[in-house]
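Descriptive structure summary
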Amino acid sequence: MKRFNVRVALATAASLVAAPVLAQTEVKIGYALAPNSHYGAAADAWQATVDAEAEGRFVFRHFPSSGLGGEREVIEGLQIGTVEATIVSSGTLANFVPEAGVFDIPFLFRDLAHARTVLDGPIGQDMLARFDDVGLVALAWGEQGFRHITSNRGTIEGPGDMAGLRLRTMENPIHITAFQTLGAAPTPMAWPEVIGALQQGTIDGQENPLSVIVSANLSDVQRHLTLSGHVYSPAMLLVSRPFWEGLSEEDREIFARGAAEGVRAMRGFVDAVEEDGVETLRARGMEIGTLSAEQRAAFQEALAPAYESYYRQYDRALIDAIIATE
Ligand code: PAF
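Residues numbered from 1 in each chain as written. Predicted model: local features only at pLDDT ≥ 70, side-chain atom pairs only at ≥ 80, totals over all residues. Heavy atoms only, no water.

The condition that has to hold: UniProt positions are given in the numbering used here, feature names are shortened, and annotations may be inferred rather than shown by experiment.
The name recorded for the protein chain in an unreviewed UniProt entry is TRAP transporter substrate-binding protein, from Plastorhodobacter daqingensis. According to the UniProt record, the Subcellular location (unreviewed entry) comment for the protein chain is "Periplasm".

Put into structure tokens, the structure is as follows:
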């Protein structure tokens, strides 16, 4: 028995010498939506790249469905270094880098291809770099799709239908100005409170892209959808500066490549839901209307005072350069 114990002890000691303990860094990644969303797809692709290339130096821990709180809280967590990575909407980004709000101007982008070209080009990349000044490392622009209005008050056919509509908006000053200008009653609210507020009827509606309306099952709490496409409002993949500064050059490149793969997955998800999302929501019982070209023009005309305020706030040459991008 004694000899057996000695042999076990020797074998254990030998195995400890043979297999040095691998130092792994935990990467807590928080995002607002469920794993089966475009955010989940991006986070999985990001992790898959890091897993494949970093030889086990990192272990991802996912916090989907606002598991770490609202998007503003998560970004603040990145700033102080309690959260390593996130994927967020542009909802609160303008509160950190006001210039980034330019991409939230209604009816700015013509289509997904236009938005992707601007964000992947010098204008978008310069904007990412500005997040350095607020203690964040913005690795890539992600995507959600164009935002549409859902409500329990009926579909919308013109700006007149917005009057008094208690519409949840993101905590985004550009969106709030637009909906105030249209005569609605915008109610800025963090995402984790939205479903409850819709269930209780404290708001009539909200606005989000098909990717969110489908993956968050908003059809359970909203009867009408108007395909307004009023704003593109991008997403972003970020990591915390303290985390980034602790990485080797090689690992920084791996994380940047992972973020690029995340964007590819996210855009693939958005492309798919743009194809079949309307049918999915109709099958789930939503009544769906689409703004005609004339109705969209009426919205743009009604937004004239809001555009005046955006032109005072943002560099007009930048707005013109975005519009002129082919
Ligand atoms: O409406 C929002 O707050 C955002 O679009 C969401 C759903 C949190 C995704 O980032």
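**Quick word on the pairing of strand β1 (residues 25-31)**
To keep it simple, the criterion reads: Burial here depends on accessible area, computed with a 1.4 Å probe over protein chains only, as a share of the maximum for the residue type. Under 20% is buried, over 50% is exposed, and the range in between is partly exposed. The helix count covers DSSP runs of H or I at least four residues long, the strand count covers runs of E at least two residues long, and both are numbered beginning at the N terminus. A strand pair is defined by DSSP finding two or more bridges across the two strands. When the strands point away from the viewer and the connection leading from the first strand across the helix to the second strand turns clockwise, the crossover is called right-handed.
Of all 7 residues in β1, 5 are buried; the element is thus mostly enclosed. With 6 bridges joining them, β1 and strand β2 (residues 58-63) adopt parallel strand pairing. Pairing of I29 across the sheet is with H62, part of β2. Handedness of the crossover is the feature at issue here: the chain leaves β1, passes through helix α2 (residues 38-53), returns alongside β2, and the resulting connection is right-handed. As paired strands, β1 and strand β3 (residues 85-89) are joined by 3 bridges and run parallel to one another. Looking at the pairing, G30 lines up with T86 of β3.

**So, the pattern of salt bridges**
In plain terms, the rule: Salt bridges are identified by distance alone: a Lys or Arg side-chain nitrogen within 4 Å of an Asp or Glu carboxyl oxygen.
All chains considered together, the criterion is met by 19 salt bridges. Of the charged contacts in the structure, one is a salt bridge between K28 and E26, with a shortest N-O distance of 3.7 Å. E26 sits in the partly exposed class, given a relative accessible area of 32%. For D251, the salt bridge identified is with R57, shortest N-O distance 2.7 Å. On the criterion of sequence distance, the pair formed by D251 in helix α10 (residues 249-283) and R57 in the loop between α2 and β2 is long-range, its members being 194 residues apart. Sharing partners across several salt bridges, the network here consists of E26, K28, R61 and E84.

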